[in-house]
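# What the coordinates show
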Amino acid sequence: MTINRASKSDIPVLCQIEKKYPDYCLWGEKGFLAEFDKPFSVTLLAKAEGEIVAFLNFWLIRPKTEINTLVTDTRHTRKGFARALLNKCFEYARKNDCPEILLEVAENNFPAISLYSSLGFNEISRRPKYYNNTYDAIVMVKRIDI
Ligand SMILES: CC(C)(COP(=O)(O)OP(=O)(O)OC[C@H]1O[C@@H](n2cnc3c(N)ncnc32)[C@H](O)[C@@H]1OP(=O)(O)O)[C@@H](O)C(=O)NCCC(=O)NCCS
């Protein structure tokens, strides 16, 4: 596995991967493209045998790191790609003095909640019926040593 920063030419593949999760909020080409204009935004890719299999976007806004999206291709789940991307995000957070790492996850997204909990994220608040006016958003935080 390799992990690198995404470039604009990767956007079509990122769009294909996120489309495999119809219930997940899609960024689409415009959404990904907009991130390249933000100096505080980082989009990372995980590749296996040269193929993009997962991606993560986060913002480094001192002292916070905000995780915005994380998706693993349906053909490559449970192989540790999301965990590896998050661990790389923690390295960025440490180097950029952004130790408070925040994210939001739907209360019915058990794979993601399990992943984040296993990496030391804890629930700090909820936004009631935030997703589709049905599911709460759980706000989770992890603080890393810098
Ligand atoms: C959530 C998601 C990113 C996980 O990606 P992944 O690459 O499969 O995750 P990993 O293989 O790194 O899993 C690491 C750990 O997370 C937990 N986990 C991941 N998927 C899980 C599942 N389906 N059920 C239970 N636990 C799960 C486990 O603890 C796992 O460790 P283990 O495999 O050693 O038991 C992936 O399912 C996905 O893309 N979902 C759709 C998009 C999404 O919901 N993103 C999160 C938005 S907040």
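Read on for a plain summary of the structure. (Residues numbered from 1 in each chain as written. Predicted model: local features only at pLDDT ≥ 70, side-chain atom pairs only at ≥ 80, totals over all residues. Heavy atoms only, no water.)

Take helix H3 (residues 81-95) next. For H3, which comprises 15 residues, the first-to-last C-alpha distance of 21 Å matches the rise-based estimate of 21 Å (1.5 Å per residue) to within 8%. What H3 keeps buried is the set Phe81, Ala82, Ala84, Leu85, Leu86, Cys89, Phe90, Tyr92 and Ala93. At the C-terminal side of H3, Asp97 shows a positive phi close to 60 degrees. (Helix = DSSP H or I, 4+ residues; strand = E, 2+ residues; numbered from the N terminus. Expected span 1.5 Å × (residues − 1). Buried < 20%, exposed > 50% of the residue type's maximum accessible area, 1.4 Å probe, protein only.)

With that out of the way, let us pick up the pairing of strand E6 (residues 122-131). Sheet analysis places E6 next to strand E7 (residues 135-143), joined by six bridges and oriented antiparallel. Looking at E7, one finds that Glu123 is bridged to Met140. Hairpin connection from E6 to E7: three residues lie between these consecutive antiparallel strands, with Asn132 at a positive phi of about 50 degrees. (Pairing = 2+ DSSP bridges.)

In terms of nonpolar packing, the biggest core is built from 32 residues, with Phe58, Ile67, Leu86, Tyr116 and Phe121 touching the most fellow members. Residue assignment for this core shows that the elements contributing at least two residues are strand E2 (41-48), strand E3 (51-61), strand E4 (64-72), H3, strand E5 (100-106), helix H4 (110-118) and E7. For this core, the element with the most residues is H3, which contributes eight residues. Excluding anything up to four places from it in sequence, Leu86 contacts Leu56, Ile67, Leu70, Leu115, Tyr116 and Leu119. In this structure, Ile17, Phe32, Ile52 and Phe55 belong to the second largest nonpolar core, which totals ten residues. (Core = buried A, V, L, I, M, F, W, Y, C linked by side-chain atoms within 4.5 Å. Contact = heavy atoms within 4.5 Å.)

Throughout the structure, instances matching the rule amount to seven aromatic pairs. Ring centres of Phe58 and Tyr92 lie 5.6 Å apart, and the angle between their planes is 70 degrees; this geometry places the pair in the edge-to-face category. Of this pair, Phe58 sits in strand E3 while Tyr92 sits in helix H3, and the two are 34 residues apart along the sequence. With a centroid separation of 5.2 Å and 90 degrees between ring planes, the pair formed by Tyr130 and Tyr131 is classed as edge-to-face. Residue classification places Tyr130 among the partly exposed residues on the basis of a relative accessible area of 46%. An aromatic cluster of at least three residues, connected via ring pairs, comprises Trp27, Phe32 and Phe55. A cation over an aromatic ring shows up here: Lys142 above the ring of Phe90, its NZ or CZ 4.9 Å from the ring centre. (Phe/Tyr/Trp six-rings, centres within 6.5 Å; stacked < 30°, edge-to-face > 60°. Lys NZ or Arg CZ within 6 Å of the ring centre and 35° of its normal.)

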